[in-house]
Every structure is written in C-alpha cells, then in structure tokens.
Amino acid sequence: MKIVLSNGSSIPLFEQIKNAIKENIMTGQLDDGEQLPSVRVLSKELKVSILTVKKAYDELAKEGFIEVRQGLGTFVAENNQELKVEEKQKEMENNISEAIILAKSLAIEKQTFLELVEFMYEGE
C-alpha cells in the first residue's frame, strides 16, 4: 500500500490518508478482504498521530470501504463492487463538469459539445 503525505497541502492529513487508501482499493492494489496495518503501525510508518489515522479509518469504514473486525483488525470490505462503481461514476461526473466549464469558457455551443462527446464515445 502506497501512501504519500504532503505536510504543505491544504488537505488535512487524515483526508490524505483516507484518499490514498481509497485509491489503493479502487486501483486493486488492495484486494477485497486484505488486512490493513493497525492504526498504531500505520501512524508510526507515516509519522502522524494515532488519532489522524483513526479518523481516516473511521471515515473509510463509514463510507463502506473498510471494515473493522473486533479483535482481528481492519480489512478492505469484501464485495464492494457497487461502491467502486459509485466512486468511478462520481469521478466521471467531476470530469464531465470540468469539461463543461472549459467548453463554456471557450464559448463552445452545447450541441457542438454533445457532438464531440458522442464522437469520442463511439471511438471514431
């Protein structure tokens, strides 16, 4: 599992950890059911507070990406394909929003934009 933190970032450390773990899950670098490092171990590895890692883990669990098994540890949630699809769809929607903003800033008409999307979607 790869986690790179930036102390100079405006994004809080717990959120950077959460996003990195989520990305590792989404890209398949972490498999369903795979055990994650304990909060203490990860906090030592990343040189951050235990509370920072715990907050990241708590949010990931709340979102359904990981599950805590009492006495066993923390694991990547199994059978979370719907969640992965939902995350990818949100990413796609963000990219489309950015494309729309760019198209509007270039004064590209809606119909021209839609034709471009259709052309690219069809792969021609």
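From a predicted model like this one, the values you see are computed outputs, not experimental measurements.

Structural notes on the side chain of Ser 43
Now for step 1: Its place among the elements puts Ser 43 in helix α2 (residues 39-46).
Now for step 2: The residues contacting Ser 43, other than those within four sequence positions of it, are Val 48, Ser 49, Ile 50 and Val 53.

Notes on the environment of Val 4
Now for step 1: Mapping Val 4 onto the fold places it in the segment before α1 (13-26).
Now for step 2: Spatially, the C-alpha atom of Val 4 lies 7.6 Å from that of Ala 20, the residues being 16 residues apart in sequence.

Examining unusual backbone geometry
Now for step 1: For Lys 47, which is not glycine, the phi dihedral falls at a positive 60 degrees.
Now for step 2: We note that Ala 107 has phi near 60 degrees; this positive angle belongs to a residue other than glycine.
Now for step 3: Along the chain, the position of Ala 107 falls in the loop between α4 (81-105) and α5 (110-122).
Now for step 4: On the basis of relative accessible area, Ala 107 is assigned to the exposed category, the value being 63%.

Digging into the pairing of strand β2 (residues 66-69)
Where a strand is regular, its side chains alternate between the two sheet faces.
Now for step 1: Note that β2 and strand β3 (residues 73-76) share four bridges and pair antiparallel. What sits directly across from Arg 69, in β3, is Gly 73.

What to know about the packing of α1 against helix α3 (residues 50-63)
Think of two packed helices as two axes; the pair is described by the angle between the axes and how far apart they sit.
Now for step 1: Packing of α1 against α3 leaves a shortest axis separation of 8 Å and a crossing angle of 50 degrees. With respect to α3, the axis of α1 lies oblique. Relative to α3, α1 is oriented so that their crossing is right-handed. Between α1, through Leu 13, Phe 14, Ile 17, Lys 18, Ile 21 and Lys 22, and α3, the contact on the second element is made entirely by Thr 52, Val 53, Lys 55, Ala 56, Tyr 57, Glu 59, Leu 60 and Glu 63.
Now for step 2: Of the residues in the contact of α1 with α3, the class split is eight nonpolar, one polar and five charged.

Describing the pairing of β3
Now for step 1: Bridge count for strand β1 (residues 35-36) against β3 is two bridges, and the pairing is antiparallel. Across the sheet, Gln 35 pairs through a bridge with Phe 75, a residue of β3.
Now for step 2: Following β2, the chain reverses through three residues before pairing antiparallel with β3; Gly 71 in that reversal takes a positive phi of roughly 80 degrees.

Side note on the nonpolar core
Now for step 1: Within the largest apolar cluster, 19 residues are counted, with the highest numbers of intra-cluster contacts made by Ile 17, Ile 21 and Leu 42.
Now for step 2: For this core, the element with the highest residue contribution is α1, accounting for six residues.
Now for step 3: Leaving out residues up to four positions away in the same chain, Leu 42 has contacts with Met 1, Ile 3, Ile 17, Ile 21, Pro 37, Val 53 and Tyr 57.

Structural notes on α5
Now for step 1: Compared with the 18 Å implied by 1.5 Å per residue over 13 residues, the 18 Å span of α5 between its first and last C-alpha is a close match.
Now for step 2: Of the residues flanking the end of α5, it is Gly 123, one or two places downstream, whose phi is positive at about 80 degrees.

Let's talk about a nonpolar patch on the surface
Now for step 1: Taken together, the side chains of Met 92, Ile 96 and Ile 100 present a nonpolar region at the surface, about 250 Å² in accessible area.
Now for step 2: Within the fold, Ile 100 resides in helix α4.

Thresholds applied
Residues numbered from 1 in each chain as written. Predicted model: local features only at pLDDT ≥ 70, side-chain atom pairs only at ≥ 80, totals over all residues. Heavy atoms only, no water. Helix = DSSP H or I, 4+ residues; strand = E, 2+ residues; numbered from the N terminus. Contact = heavy atoms within 4.5 Å. Buried < 20%, exposed > 50% of the residue type's maximum accessible area, 1.4 Å probe, protein only. Pairing = 2+ DSSP bridges. Axes fitted to C-alpha atoms, helices over the stretch in contact; angles between N-to-C directions. Parallel < 35°, antiparallel > 145°, perpendicular 65-115°, else oblique. Left-handed = near helix turned anticlockwise from the far one by under 90°. Nonpolar A, V, L, I, M, F, W, Y, C, P; charged D, E, K, R; others polar. Core = buried A, V, L, I, M, F, W, Y, C linked by side-chain atoms within 4.5 Å. Expected span 1.5 Å × (residues − 1). Patch = residues over 30% accessible without salt bridge, like charges linked within 9 Å, V, L, I, M, F, W, Y side chains within 5 Å. Areas by Shrake-Rupley, 256 points an atom, 1.4 Å probe, with all protein chains shown as cover. Salt bridge = Lys/Arg side-chain N within 4 Å of Asp/Glu carboxyl O.

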